[in-house]
Amino acid sequence: MGIIDTHCHLNDETYQENVAEVVQQCLDQGIEKMICIGFDLPSSRKAVEIAHTYPCVYAAVGIHPDSAEDYNEEVAAELEQLAEDEKVVAIGEIGLDYYWDKAPRDMQKEVFKAQIELARRHDLPIIIHSRDALMDTYDITANYTPVKGVMHCYSGSAEMAAEFIKQGFYISLAGPVTFKNARVPKEVAVAVPSDKLLVETDCPYLTPHPYRGKVNYPYYVKLVAEEIARLRGIEYQELEAITSKNACDLFSL
């Protein structure tokens, strides 16, 4: 089994001209599967389209908190339809973002809750974006335990990760775990139980060392996995097997 990038944005305009080339490079480098994540309605449609074009790609659909003001009955109805697609394996990315604060916080919370309920209706896991909003995220998800989902590109403490794991979440780490001074993500990488650990790129963002500052690609997920394996004192192949099994379990791949 190859490694799985559980969170990438092949639907981002960065790859508009070369999606096929990027997917082929991933396959050539042993990336077995990728999940392409929606962040608004157009990108969710695009994620599904890409997933149907490439057998190794799956899709998640959802409205990012930055786009919460775009959420309405029509958007909700189309998300409901998209959630029924055979290549859609999750609702996401959804959550709260108090760093950019592009939508009112009360609105972010309501849109977040609506999409958790959408996921539950379709028995799909949720992919959570939480930036500077961990406690509010935790308080909301506490109402839906046990939760089926993942804290994507997790940036909180190891102690808080343990609390999310108690709710049912997996913890996913991305490029920042490779950064030299990233003390907290490295602590999390060691602390998360093997059966709750996932890896991702969040490409084209958060490019891992040594390519930091350049465009990120799904095949760089191997750099994330290599660093986590080093931190945990295990072989890369073991880390690959652990995280790929977890991804298949959570997303029913």
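What you see is a predicted model; the values in this text were computed from it and never measured.

It is worth spelling out the pairing of strand β3 (residues 57–61) at this point. Most of β3 sits out of view: five of its five residues are buried. Burial along β3 is two-sided: the face carrying Val57, Ala59 and Val61 and the face carrying Tyr58 and Ala60 are both buried. Bridge count for strand β2 (residues 31–37) against β3 is four bridges, and the pairing is parallel. Looking across to β3, one finds that Cys36 is bridged to Ala59. Of the crossover connections in this fold, the one passing from β2 over helix α2 (residues 41–53) to the parallel β3 is right-handed. Of the strand pairs in this sheet, β3 and strand β4 (residues 88–97) are connected by three bridges, and their pairing is parallel. Its bridge partner being in β4, Ala60 is matched across the sheet by Ala90.

Here the focus is the pattern of salt bridges. One pass over the structure, following the stated rule, counts 13 salt bridges. One salt bridge connects Arg105 with Asp101, and the closest N-O pair in it is separated by 3.0 Å. On the basis of relative accessibility, which here comes to 34%, the residue Asp101 falls in the partly exposed class. Here Lys109 ties to Asp136 by a salt bridge, and the two come within 3.5 Å at their closest N and O atoms. Pair noted here: Lys109 is in helix α4 (residues 105–121) and Asp136 is in helix α5 (residues 134–141), with a separation of 27 residues, a long-range link. With a relative accessible area of 23%, Lys109 lands in the partly exposed category. Judged by relative accessible area, which is 24%, Asp136 ranks as partly exposed. Through salt bridges that share partners, Lys186, Glu227 and Arg230 make up one connected network.

The rules behind each value
- Residues numbered from 1 in each chain as written.
- Predicted model: local features only at pLDDT ≥ 70, side-chain atom pairs only at ≥ 80, totals over all residues.
- Heavy atoms only, no water.
- Buried < 20%, exposed > 50% of the residue type's maximum accessible area, 1.4 Å probe, protein only.
- Helix = DSSP H or I, 4+ residues; strand = E, 2+ residues; numbered from the N terminus.
- Pairing = 2+ DSSP bridges.
- Right-handed = clockwise from strand over helix to strand, strands pointing away.
- Salt bridge = Lys/Arg side-chain N within 4 Å of Asp/Glu carboxyl O.

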